[in-house]
Amino acid sequence: RGDFVAQALEVEILQHADDPERLDFAGVRVLQGVNFPVERIKDEIGYIARRIKDRSPQMGTLRIADSNYGMYERDVDISAHIGRMQKEYGWPTFIDATTGKNKPERIIKSVEQVSGALVLYQAVQSLDEEVLRKVKRQAIKLDAYKALEVHMRGRGLRSNSDLILGLPGESLESHLRGLHALLDSNINQMHNFQAMMLKGAEMETQESRTMFKFDTRFRVLPKNYGVYGDEKVFDVEEIIVATDTLPFADYLTCRKWHLVSSVFWNDGWFADVVRFVNTHGVRNSEWWARMLPALERGNPAVRGFLDSFVGETVGELFPDRESCIAFYSQPENFRKLGNGEIGDNLMYRYRAIASFQLWDEICAAAMEATRELLVERGVPERIGNFDLFWRDLSTYVRLRHASGGDRESILAPVSAELAYDFPAWLASESPGDPNDFRLPRPTTHEFRLEPDARRELESALAVWSTHIKGLSKLVTRINVAWQVRECLPLNEGCVAEAV
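Residues numbered from 1 in each chain as written. Predicted model: local features only at pLDDT ≥ 70, side-chain atom pairs only at ≥ 80, totals over all residues. Heavy atoms only, no water.

**Details of the environment of Trp-265**
- Here Trp-265 shows up in helix α9 (residues 248-265).
- On the accessibility criterion, Trp-265 (9% relative accessible area) is buried.
- The spacing of Trp-265 and Asn-284 is 19 residues in sequence and 9.5 Å in space, taken between C-alpha atoms.
- Ignoring anything within four residues of it in the chain, the contact list for Trp-265 reads Leu-183, Ile-187, Asn-188, Gln-189, Val-260, Val-274, Asn-284, Trp-287 and Trp-288.
- Only 3.5 Å separates the side chain of Trp-265 from the backbone oxygen of Asn-188, close enough to count as a polar contact. (Helix = DSSP H or I, 4+ residues; strand = E, 2+ residues; numbered from the N terminus. Buried < 20%, exposed > 50% of the residue type's maximum accessible area, 1.4 Å probe, protein only. Contact = heavy atoms within 4.5 Å. Polar contact = N/O pair within 3.5 Å; in protein donor to acceptor, adjacent residues only side chain to side chain.)

**A word on the packing of helix α13 (residues 300-315) against helix α16 (residues 346-357)**
- Between α13 and α16, whose axes approach to 11 Å, the crossing angle comes to 165°. Classed by the angle they form, the pair α13 and α16 counts as roughly antiparallel. The crossing of α13 and α16 is right-handed. Contacts between α13 and α16 involve Phe-305, Ser-308, Phe-309, Glu-312 and Thr-313 from the first element and Leu-346, Met-347, Arg-349, Tyr-350, Ile-353 and Ala-354 from the second.
- Of the residues that constitute the contact of α13 with α16, the class distribution is seven nonpolar, two polar and two charged. (Axes fitted to C-alpha atoms, helices over the stretch in contact; angles between N-to-C directions. Parallel < 35°, antiparallel > 145°, perpendicular 65-115°, else oblique. Left-handed = near helix turned anticlockwise from the far one by under 90°. Nonpolar A, V, L, I, M, F, W, Y, C, P; charged D, E, K, R; others polar.)

**Quick notes on the confidence of the model for the protein**
- Looking at the protein, pLDDT values average 86 and 86% of them are 70 or higher.
- Overall, residues 1-33 carries pLDDT values under 50, and its contacts beyond four positions in sequence, including any with other chains, amount to 57 contacts.
- Within the model, the stretch residues 493-499 combines pLDDT values under 50 with 21 contacts to residues more than four positions away or in other chains. (pLDDT = per-residue confidence, 0-100.)

**Section: the nonpolar core**
- By size, the foremost hydrophobic cluster in this structure holds 90 residues, and its most contacted members are Phe-264, Phe-270, Trp-287, Trp-288 and Phe-305.
- When residues no more than four places from it in sequence are discounted, the contact partners of Phe-264 are Phe-270, Trp-287, Met-291, Leu-295, Ile-362 and Ala-366.
- In this structure, Ala-49, Ile-52, Trp-91 and Ile-95 belong to the second largest nonpolar core, which totals 19 residues. (Core = buried A, V, L, I, M, F, W, Y, C linked by side-chain atoms within 4.5 Å.)

**A look at the sheet that holds strand β12 (residues 485-489)**
- The strand order β10-β11-β12 describes an open sheet built from three strands, whose pairing is antiparallel. Each edge of the open sheet carries a strand with a single partner, namely β10 (414-420) and β12. Going from strand to strand, the sheet's axes swing by 35° on average, the running direction of each strand aside.
- Note that β10 and strand β11 (residues 438-449) share six bridges and pair antiparallel. (Pairing = 2+ DSSP bridges.)

**Things to note about the pattern of salt bridges**
- Counted by the stated rule, this structure contains 31 salt bridges.
- When the shortest N-O distance is used, the salt bridge between Arg-219 and Glu-316 registers 2.9 Å. Residue Arg-219 is located in strand β8 (residues 215-228), and its partner Glu-316 is located in the loop between α13 and α14 (321-329); the two are separated by 97 residues in the primary sequence.
- Its relative accessible area of 13% is what places Arg-219 among the buried residues.
- The class of Glu-316 is buried, set by a relative accessible area of 10%.
- Ionic pairing is found between Glu-486 and Arg-448, a salt bridge with its closest N-O pair at 3.6 Å. One end of the pair, Glu-486, is in strand β12; the other, Arg-448, is in strand β11, with 38 residues separating them in the sequence.
- If you follow the salt bridges from partner to partner, you end up with Asp-184, Arg-283, Glu-286 and Arg-377 in one network. (Salt bridge = Lys/Arg side-chain N within 4 Å of Asp/Glu carboxyl O.)

**Let's talk about unusual backbone geometry**
- The omega angle of the peptide bond from Trp-91 to Pro-92 is 0°, so this bond is cis rather than trans.
- With respect to the helices and strands, the residue Pro-92 is situated in the loop between α3 (73-89) and β4 (94-96).
- The backbone phi angle of Asn-385 is positive, close to 55°, even though this residue is not glycine.
- Its place among the elements puts Asn-385 in the loop between α18 (379-382) and α19 (386-400).
- By relative accessible area, which is 44% here, Asn-385 ends up partly exposed.

**Notes on the packing of aromatic side chains**
- This model, assessed by the stated rule, comprises 29 aromatic pairs.
- Taking the centre distance of 6.4 Å and the plane angle of 40° together, the rings of Phe-234 and Tyr-328 count as tilted. Of this pair, Phe-234 sits in strand β9 (residues 231-242) while Tyr-328 sits in helix α14, placing them 94 residues apart in sequence. Summarising the burial analysis for this pair, Phe-234 and Tyr-328 share the class buried.
- Between the aromatic rings of Tyr-420 and Phe-422, the centroid separation amounts to 5.6 Å while the plane-to-plane angle is 40°, which identifies the pairing as tilted. Assigned by exposure class, Tyr-420 and Phe-422 land together as buried.
- Connected via pairs of aromatic rings, a cluster forms that spans Phe-276, Phe-386, Phe-389, Trp-390, Tyr-396, Tyr-420, Phe-422, Trp-425 and Phe-447. (Phe/Tyr/Trp six-rings, centres within 6.5 Å; stacked < 30°, edge-to-face > 60°.)

**Some points on the pairing of β12**
- The two faces of β12 differ: Arg-485, Cys-487 and Pro-489 on one face are buried, but Glu-486 and Leu-488 on the other face are not.
- Where β11 meets β12, five bridges bridge the pair, whose relative direction is antiparallel. Each bridged residue has a counterpart across the sheet, and for Phe-447 the counterpart in β12 is Cys-487.

**Some points on α3**
- For α3, which comprises 17 residues, the first-to-last C-alpha distance of 25 Å matches the rise-based estimate of 24 Å (1.5 Å per residue) to within 8%.
- Buried within α3 are the following residues: Arg-74, Asp-75, Val-76, Ile-78, Ser-79, Ala-80, His-81, Ile-82, Gly-83, Met-85 and Gln-86.
- Structurally, α3 contributes buried residues whose contacts are with α2 (38-55), β3 (61-63), β4 and α4 (104-112). (Expected span 1.5 Å × (residues − 1).)

**Some points on the packing of α14 against helix α15 (residues 331-339)**
- Viewed as axis vectors pointing N to C, α14 and α15 meet at an angle of 85°, and their least axial separation amounts to 5 Å. When the axes of α14 and α15 are compared, the pair comes out roughly perpendicular. Across the interface between the two elements, Phe-327, Tyr-328 and Ser-329 from α14 touch Pro-331, Asn-333, Phe-334 and Leu-337 from α15.
- Residue composition of the contact of α14 with α15, by class: five nonpolar, two polar and no charged.

Rendered as structure tokens:
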């Protein structure tokens, strides 16, 4: 529809403020009453659902351009309508939206209406009160945040949040404290963004640049380029890479930790492992803190993964807009930009590499680091046959995640011999002694995608391809459950028993 983009922009602006009645944005006050009627929005969602089913049934994503979705009673009504579209047309299967913070009951109702397709997304920017004061943001109460997390988890719903690196007053230490606090609140995903210099914003003024000693660099926005009238055109952003409290070296260290969050925490690839270490008194943040050292001392493939990320992080930064444009305008670099070899979203790119191309090595590094942590806590001394258990658990975690370099290997079932009934062990309220779930004899298990998950993942691969450029988009647009294989014993008569 010709006015759909305009509507999306208006909804985003109108619902950006914490105050549901009005918004002060760049000095302009906009009243809520001028947004489009709910029935019109429902009509447009229905129109899209019908068109998707007829023209592009493989596309399951709906992106809602709203900074605080779920804050209004109308959002609950809209979510209920989306839920009806899911039942009638099978769309959407995944909703990308940022939920608000100050109306938890409405947010929960909105999320519940759409069959788990919408993730609780609460942006906090920073959890340091001094940083928030300097950027004139209201501090989020972590106790309230944790309470909302409890409600979400009790309903089997997922949540995520974000922090911004480079804000005035933020340091390596305060940034890591914020990451640890979110981890220990049991957040499902943490997104980490770079502080951007937006024209007209207070941080972009010369006064702020001088006051906080901002050191900025320029980089091309991923996939925001093209040829228009025979001229190469690029959308370039200016980001903060150092301040009076954050040296550039610390900025790079923070970026490494962001990679750790993207690979080892987001999407819950190691959620079963974390649940197990939690039962032995290990906090989420303690486990997470072992993952960067695991990359740093990993095998050549794993170490190369980290080094390549750091190299590209530095390489994407330019001292000014002109040199950035000049670099990407060169024919060979423009070709690489088009192929996704350079200029892509690095966090998504490396998450895709870890998820599909380097999963076995990444998984091995994580499991070895976890084992070392458990040894320090004396856990192997309390669990009989620990080496056998850990070998089989490592196999289970590795094979549950569908990975591979091509479509066939990603979708294909795999098998392995296991001595434990891991699904039953993990289904218990708190996974304790695994020997209570030791099988009478080692049994071959098959790991395969459930029919619905296989269909959705196969459709996503058909849309985005297995090329790294497509996979870096796919990892942000699929339900994480689509990539999880179920584990079934080939000998159905074999049941777990204590031995």
